[in-house]
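These are the residues of each chain, in order.
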Amino acid sequence: IKQEDNQKILTLASVDVVEGTVTVNLSKSQIGDPFTLKLEPMMAAEVASLNRPVKFTSVKDNSGAHGGHLIIYHTPHVAQLLEGVEVRAFGQSGILGRYPIHFHHSQNVDGSIIRKNVVRDSEQRCIVVHGTN
């Protein structure tokens, strides 16, 4: 179990897609009394798989605030595809333009697909689109 800013990351024991339920192997004292869709439809917990087959992982510097950054830089009229990857420990805290995933002045990249990705332990935002359509 990991908790950051009122978020918890848990490992699921089972998933029933027909019933729409998940099971975790933790005691109530560890996770409290979470909201359910049935009891509180406006406050239900979000559940997502964080596992991805391709991983980009950065080694942080000694301060722990500066990881890697992935930049798609000046690629006009070239469709980009970034799908199903995990980007972990990317981004550089307090440094403009050093985001985990950054489209920078690529102009028109019609047809680009950025989906089914996970950005974890980010030091700076997640995906930034700047000067790009």
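Look a little higher up for the structure.
Residues numbered from 1 in each chain as written. Predicted model: local features only at pLDDT ≥ 70, side-chain atom pairs only at ≥ 80, totals over all residues. Heavy atoms only, no water.

**Re unusual backbone geometry**
Excluding glycine, a negative phi dihedral is what most residues carry, and trans is how most peptide bonds are arranged.
Stage number 1. In this structure, histidine 74 takes a positive phi of about 50° despite not being glycine.
Stage number 2. Tracing the chain through its elements places histidine 74 in the loop between strand 6 (70-73) and strand 7 (81-83).
Stage number 3. A relative accessible area of 42% means that histidine 74 is categorised as partly exposed.
Stage number 4. Look at alanine 89: it is not a glycine, yet its phi comes out positive at around 65°.
Stage number 5. Its place among the elements puts alanine 89 in the loop between strand 8 (85-88) and strand 9 (101-107). (Helix = DSSP H or I, 4+ residues; strand = E, 2+ residues; numbered from the N terminus. Buried < 20%, exposed > 50% of the residue type's maximum accessible area, 1.4 Å probe, protein only.)

**Some words on the environment of glutamine 80**
Stage number 1. With respect to the helices, strands and loops of the structure, glutamine 80 is situated in the loop between strand 6 and strand 7.
Stage number 2. Put simply, glutamine 80 and isoleucine 114 are 34 residues apart on the chain and 7.8 Å apart in space, counted from C-alpha to C-alpha.
Stage number 3. Not counting residues up to four positions away in its chain, the partners in contact with glutamine 80 are Ile72, Thr75, Phe103, Ser112 and Ile113.
Stage number 4. There is a polar contact of 3.3 Å between the side chain of glutamine 80 and the backbone oxygen of valine 78. (Contact = heavy atoms within 4.5 Å. Polar contact = N/O pair within 3.5 Å; in protein donor to acceptor, adjacent residues only side chain to side chain.)

**Focus: the nonpolar core**
Stage number 1. If you look at the biggest cluster of nonpolar residues, it comprises eight residues: Ile72, Leu82, Val85, Val87, Phe90, Ile101, Phe103 and Val109.
Stage number 2. When residues of this core are traced back to their parent elements, those giving at least two are strand 8 and strand 9.
Stage number 3. With near-sequence residues (within four places) excluded, phenylalanine 103 lies in contact with Ile72, Gln80, Val109, Ile114, Val128, Val129, His130 and Thr132. (Core = buried A, V, L, I, M, F, W, Y, C linked by side-chain atoms within 4.5 Å.)

**Looking at a nonpolar patch on the surface**
Stage number 1. Together, Leu12, Val15, Val17, Val18 and Val22 line one region of the surface with nonpolar side chains, adding up to about 490 Å² of accessible area.
Stage number 2. By the element assignment, valine 18 lies in the loop between strand 3 (12-16) and strand 4 (21-24). (Patch = residues over 30% accessible without salt bridge, like charges linked within 9 Å, V, L, I, M, F, W, Y side chains within 5 Å. Areas by Shrake-Rupley, 256 points an atom, 1.4 Å probe, with all protein chains shown as cover. Salt bridge = Lys/Arg side-chain N within 4 Å of Asp/Glu carboxyl O.)

**Describing the sheet that holds strand 9**
Stage number 1. Taking strand neighbours across the sheet as the criterion, the three strands line up as 6-9-12 in an open arrangement whose pairing is parallel. Of all the strands in the sheet, just strand 6 and strand 12 (127-132) have a single pairing partner and so form its edges. Going from strand to strand, the sheet's axes swing by 10° on average, the running direction of each strand aside.
Stage number 2. By the bridge criterion, five bridges tie strand 9 to strand 12 in an arrangement that is parallel. By the bridge assignment, phenylalanine 103 is partnered in strand 12 with valine 129. (Pairing = 2+ DSSP bridges. Axes fitted to C-alpha atoms, helices over the stretch in contact; angles between N-to-C directions.)

**Some remarks on the pattern of salt bridges**
Stage number 1. Inspection of every chain in the model, using the stated rule, returns five salt bridges.
Stage number 2. Here glutamate 86 and lysine 55 are joined by a salt bridge, their closest N and O atoms 3.3 Å apart. In this pair, glutamate 86 sits in strand 8 while lysine 55 sits in strand 5 (residues 54-57), placing the two residues 31 residues apart along the sequence.
Stage number 3. The class of glutamate 86 is buried, set by a relative accessible area of 2%.

Any functional reading would require information beyond the geometric quantities listed.
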